[in-house]
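# Survey of secondary and tertiary structure
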Amino acid sequence: MSKKTLIVVGNGMVGHHFLEQLVASPAAAEYDILVFGEEKQLAYDRVHLSEYFAGSTHTDLAMGTSDWYTEQGIQLLLNEPVTGLDRDQRTVTTPKGDYNYDELVLATGSYPFVPPIEGREHPHCFVYRTLEDLDAIRASAQAGKSGVVVGGGLLGLEAANALKSLGLQAHVVEFAPRLMPVQLDTDGGALLRHKIEELGVQVHTEKATTAIVAGEEARLRMNFNDDSHLETDLIVFSAGIRPQDALARSSGLEVGERGGIVVNDQCTTSDPHIHAIGECALWDQRIFGLVAPGYTMARTLASVLNGDQDAAFTGADMSTKLKLLGVDVGSIGDAHGQTPGARNIRFNDEQVGHYRRMVVSEDGKKLLGAILVGDNSHYDTLLQYALNGIALPDNPETLILPESQGGAPALGPDALPETASICSCHNVTKGDICGAIDAGCGDLGSVKSETKASTGCGGCTALLKNVVDSELEKRGVEVSKDLCEHFPYSRQELFHLVKVNGIRTFATLIRQHGRGHGCDICKPAVGSILASCWNEHILATDHVPLQDTNDTFMANMQKNGTYSIVPRIPGGEITPDKLIVLGEVAKQYNLYTKITGGQRVDLFGATLSELPEIWEKLIAAGFETGHAYGKSLRTVKSCVGSTWCRYGVQDSVGMAIRLEDRYKGLRAPHKVKMAVSGCTRECAEAQSKDFGVIATENGWNLYVCGNGGMRPRHADLFATDLSDEELIRTIDRVVMLYVRTADRLQRTSVWMENLEGGLEYLKQVVLEDSLGICAELEEHMDGIVGTYQCEWKTAVEDPEKRKRFREFVNAPAQKDPVQQWTTERDQRRPVLESA
Amino acid sequence: MKARTYWDAVCTVGDLVPESGIAVWTEDGPVAVFYLPHRLPALFAISHTDPFSGANVLARGLTGDLKGQPVVASPLYKQHFNLVTGQCLEDEAVSVKTYPVLLDGDEIRLEVAVNQSETEAA
């Protein structure tokens with residue numbers, strides 16, 4: 001029996017999701033599948049499109065790989081737009097030919113609406129939809145200073161953020177009297193505007209653009225209906241979407257008055273062999289411009305094609321939770337209270353910038369909708385009440401009041417019914433999660449890969465973690481935060497005990513607050529805490545046995561028991577004389593020499609007894625220890641900056657050296673890396689560091705909690721246009737808060753992701769001093785900076801400490817017999833026979 | 001047949017580091033000596049060679065106790081070795097050699113086999 005042919009037009013997120021569902025079902029065997037994509041690239045994640053500017057590549061955003069299509073036997077034809085549809089012959093036409101189908105799926109999505117403004121064809125006018133659009137915007141921004149987004153909706157604000165990240169002065173022009181008119185009310189919109197303006201984005205509401213003409217000071221001038229104007233170097237239109245229904249129109253399928261391919265509950269159009277899903281489909285006179293409903297349609301259609309009589313799309317929840325320019329915004333259900341008899345409960349704290357509104361049913365029993373601005377911590381709870389129809393408590397206002405005013409704690413995961421939807425993108429319920437755990441998933445990661453929960457828009461991450469933790473605990477899986485068997489405390493609690501009680505030794509701490517004698521987990525952790533608090537030499541008698549071998553010998557142990565040495569080269573700046581000393585020392589001790597990723601030089605192969613001799617020479621030449629062995633500041637990488645570079649706007653090297661000299665030696669829960677770039681070209685790759693500084697014309701932008709390595713994370717923009725002094729004070733505070741509150745071996749990226757309230761909370765504590773601890777954090781940091789010593793200098797000058805560096809205490813001349821060497825590419829390297 | 005042994009004076013009390021280890025050279029090769037003052041007896045001696053890497057590094061590991069047993073963690077790949085028995089806690093097929101050790105006045109002595117051929121120690 002020959003197979004039928006199924007053609008999918010459109011390779012976006014929804015089209016891809018449909019294919020994933022279909023190939024996993026029995027119906028896959030009945031069809032040869034062809035997919036046409038207009039764009040050059042495979043389906044990618046448009047929800048996270050802005051991350052493309054923040055450095056994500058197409059590969060990061062891709063939904064699948066071309067190998068996946070091959071493996072599934074799907075023929076993927078990219079860069080081949082479908083231009084014609086003949087329903088009688090059942091063929092589609094592309095520039096390359098005609099193709100027959102038995103079933104046709106239209107997943108053509110939408111296109112950005114550009115209002116018919118005179119001058120909109122100007123080459124520096126763009127839309128914000130595809131990776132190609134983004135490439136064009138980036139190119140235009142290179143030589144520009146300012147950019148305007150037309151449209152203050154969700155996507156428009158995303159686009160404004162993108163312009164800002166490209167270093168432009170960003171403006172938002174909105175026709176309505178407030179931002180996000182669909183999701184927010186007047187108060188919410190006003191607060192969002194205030195917050196966004198504080199971040200340096202200028203908002204212009206109630207402006208209709210009448211014409212775009214050549215500018216005088218910038219490339220373009222926008223004239224508005226109130227006779228005002230605004231000059232800008234580029235314009236991005238984000239004034240809403242329109243369903244891409246051209247094929248349907250030209251072939252006589254039924255379409256809506258204002259566009260959209262009309263579909264029934266089975267996602268089938270007026271032609272029984274043609275189906276439509278996603279943003280191109282009009283269901284019950286509605287277009288769904290979010291990814292979750294599109295996914296639901298995709299799943300429905302896959303079931304329909306498998307002969308499921310009951311499969312039906314019955315509408316979708318349009319609630320959204322997002323961070324726009326770092327500001328939390330949430331909108332749930334009937335946010336505007338249009339249900340007859342609906343009542344409102346509002347909480348508005350202009351002081352801290354939190355606005356919350358609940359829309360409840362006439363009898364006060366059900367939550368119909370909600371609006372949140374400034375703090376989304378109540379979102380998950382409110383959404384669960386709204387989606388699952390959970391009866392509200394007697395005083396429903398407690399759900400949105402701060403705890404200090406009698407607010408109720410969040411709805412715990414235990415209170416959710418099994419049917420509660422946790423991840424709406426992939427339609428995962430609490431019951432599915434429990435099922436996955438019962439089937440053997442023992443942690444968050446495996447639950448995610450098993451159920452796909454939280455792999456769509458990611459909005460449910462925190463809720464998913466709570467549900468998984470709670471279910472694991474119920475099943476007796478211990479989720480313990482004890483450091484180890486010797487201390488029933490977390491690192492943060494131990495830090496507090498040490499600091500508050502003035503404890504200065506491990507022995508005292510374990511006697512008073514622990515049990516036993518310690519181990520290789522708690523000893524270095526406590527050693528680090530003691531160093532962070534009191535900053536005594538790590539080789540002081542009480543502290544020596546606490547240190548990992550690298551800290552004990554202030555060098556990095558390599559596989560054959562020898563060590564590598566990394567002297568500090570602040571900001572990567574080094575004189576030729578010092579460079580020569582490194583070369584001479586390396587030559588004398590026959591050290592393998594390699595340049596590190598942090599703009600330093602690593603010298604490998606020193607024996608224990610050689611270390612103090614080598615350091616004597618390095619110290620004499622003016623070098624200091626580089627702490628490459630410590631959980632402490634490593635390097636502050638820099639580009640060459642305004643001193644030499646024709647693009648640089650600030651002295652990045654000077655700032656890097658200043659930062660490196662300030663924070664060197666500080667012991668932290670894990671290593672800390674920093675970088676300073678002299679302009680937005682970002683040659684120092686600062687956004688992949690724990691602390692990244694990027695020069696602006698007015699000062700410095702600070703990014704925090706980035707990471708490279710195994711689990712890369714882009715740093716978040718924390719504060720803008722800081723002066724030198726402001727920059728240092730801000731870093732002081734964040735570093736010290738990290739030192740005090742992070743878990744053992746927790747990098748800043750994970751620390752922040754686990755901070756309740758995340759970036760927003762961190763900003764409140766550090767920038768607004770919401771806990772009133774900033775003065776104390778600064779004082780603590782000043783104390784550490786004031787007591788800095790080069791550990792190696794102190795060690796080589798102290799005969800007692802030098803005794804530690806004897807390879808064999810009773811045989812100074814004895815060489816370690818397993819340290820054998822060979823030569824490779826003109827340098828020495830170890831040969832190590834396995835034992 | 002028990003090999004002939006003797007008590008080799010390897011170092012003095014002043015060489016020891018409390019709660020930590022040092023390495024000495026013996027006719028039997030490199031040996032790690034640990035001094036845990038909170039225990040009785042307080043001295044432990046095991047091979048200095050880490051069986052997982054072949055490198056001579058065990059004296060440079062962190063000491064402590066796990067479920068009551070005195071242990072050292074290899075500084076390279078972090079496996080734990082019982083200081084009394086030499087048993088590896090992570091892999092029961094692996095253990096390191098242990099040596100009887102005693103304090104003789106100011107001197108630390110290890111019981112090591114007398115080497116038949118002097119060249120072997122070189």
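Please read these numbers as outputs of a predicted model, since none were measured by experiment. (Residues numbered from 1 in each chain as written. Chains lettered and ligands numbered in written order. Predicted model: local features only at pLDDT ≥ 70, side-chain atom pairs only at ≥ 80, totals over all residues. Heavy atoms only, no water.)

This next bit is on helix α19 (residues 652-663) of chain A. Residues and elements named next belong to chain A. Between its first and last C-alpha atoms α19 spans 16 Å; for 12 residues at 1.5 Å apiece the expected length is 16 Å, and the two agree. The complete set of buried residues in α19 reads S652, V653, M655, A656, L659, E660, R662 and Y663. On its buried face, α19 sits against β32 (633-638), β33 (672-677), β34 (691-696), β35 (699-704), α20 (724-741) and α23 (774-786). (Helix = DSSP H or I, 4+ residues; strand = E, 2+ residues; numbered from the N terminus. Expected span 1.5 Å × (residues − 1). Buried < 20%, exposed > 50% of the residue type's maximum accessible area, 1.4 Å probe, protein only. Contact = heavy atoms within 4.5 Å.)

Right, let's get into the pairing of strand β1 (residues 4-9) of chain A. Residue and element names in this part refer to chain A. Most of β1 sits out of view: 5 of its 6 residues are buried. Bridge count for β1 against strand β2 (residues 31-36) is 6 bridges, and the pairing is parallel. If you follow I7 over to β2, its bridge partner there is L34. For the segment spanning β1, helix α1 (residues 13-23) and β2, crossover handedness is right-handed. (Pairing = 2+ DSSP bridges. Right-handed = clockwise from strand over helix to strand, strands pointing away.)

What follows is about the interface of chain B and chain A. Each side of the interface is counted separately: chain B has 36 residues, and chain A has 37 residues. Interface area for chain B against chain A, summed over the two sides, is near 2800 Å², with a carbon-plus-sulfur share of 56%. Together, B:W25, B:R60 and B:L62 form the three largest contributors to the area buried by chain B at its contact with chain A, with a combined 29%. Joining chain B to chain A, the criterion identifies 2 salt bridges. A salt bridge links A:R806 to B:D15; the shortest N-O distance between them is 2.9 Å. Inspection of the region where chain B meets chain A yields 17 residue pairs in polar contact (both at pLDDT 80 or more). When residues of the side of chain B that touches chain A are traced back to their parent elements, those giving at least two are β1 (5-12), β2 (20-26) and β5 (62-66) of chain B. Among the elements that line the side of chain B that touches chain A, the one with the most residues is β2(B), at 6 residues. Its residues placed into classes, the side of chain B that touches chain A shows 18 nonpolar, 11 polar and 7 charged. (Buried area = accessible area lost by both parts, 1.4 Å probe. Salt bridge = Lys/Arg side-chain N within 4 Å of Asp/Glu carboxyl O. Polar contact = N/O pair within 3.5 Å; in protein donor to acceptor, adjacent residues only side chain to side chain. Nonpolar A, V, L, I, M, F, W, Y, C, P; charged D, E, K, R; others polar.)

Another point: the packing of helix α17 (residues 576-588) of chain A against helix α18 (residues 610-620) of chain A. All names here are of chain A. Where α17 meets α18, the closest approach of the two axes is 10 Å, and the angle between their N-to-C directions is 160 degrees. Taken together, the axes of α17 and α18 are roughly antiparallel relative to one another. You can see that α17 and α18 cross each other, and the crossing is right-handed. On α18, the residues that touch V581, L582, V585 and Q588 of α17 are I614, K617 and L618. (Axes fitted to C-alpha atoms, helices over the stretch in contact; angles between N-to-C directions. Parallel < 35°, antiparallel > 145°, perpendicular 65-115°, else oblique. Left-handed = near helix turned anticlockwise from the far one by under 90°.)

Annotation of chain A at the domain level lists domain 1 (4-111 + 243-305), domain 2 (114-239), domain 3 (491-547) and domain 4 (556-786). Using only C-alpha atoms to locate each centre, domain 1 of chain A and domain 3 of chain A end up separated by 60 Å. (Domains from an automatic or database assignment.)

Another aspect to go through is the packing of helix α11 (residues 444-451) of chain A against helix α12 (residues 461-474) of chain A. All names here are of chain A. It is the contact of α11 with α12, at a shortest axis distance of 10 Å, that shows an interaxial angle of 115 degrees. Taken together, the axes of α11 and α12 are roughly perpendicular relative to one another. For the crossing formed where α11 meets α12, the hand is right-handed. Between α11 and α12, the contacting residues are L444, V447 and K448 on the first element and L464, K465 and V468 on the second. Its residues assigned to classes, the contact of α11 with α12 comprises 4 nonpolar, no polar and 2 charged.

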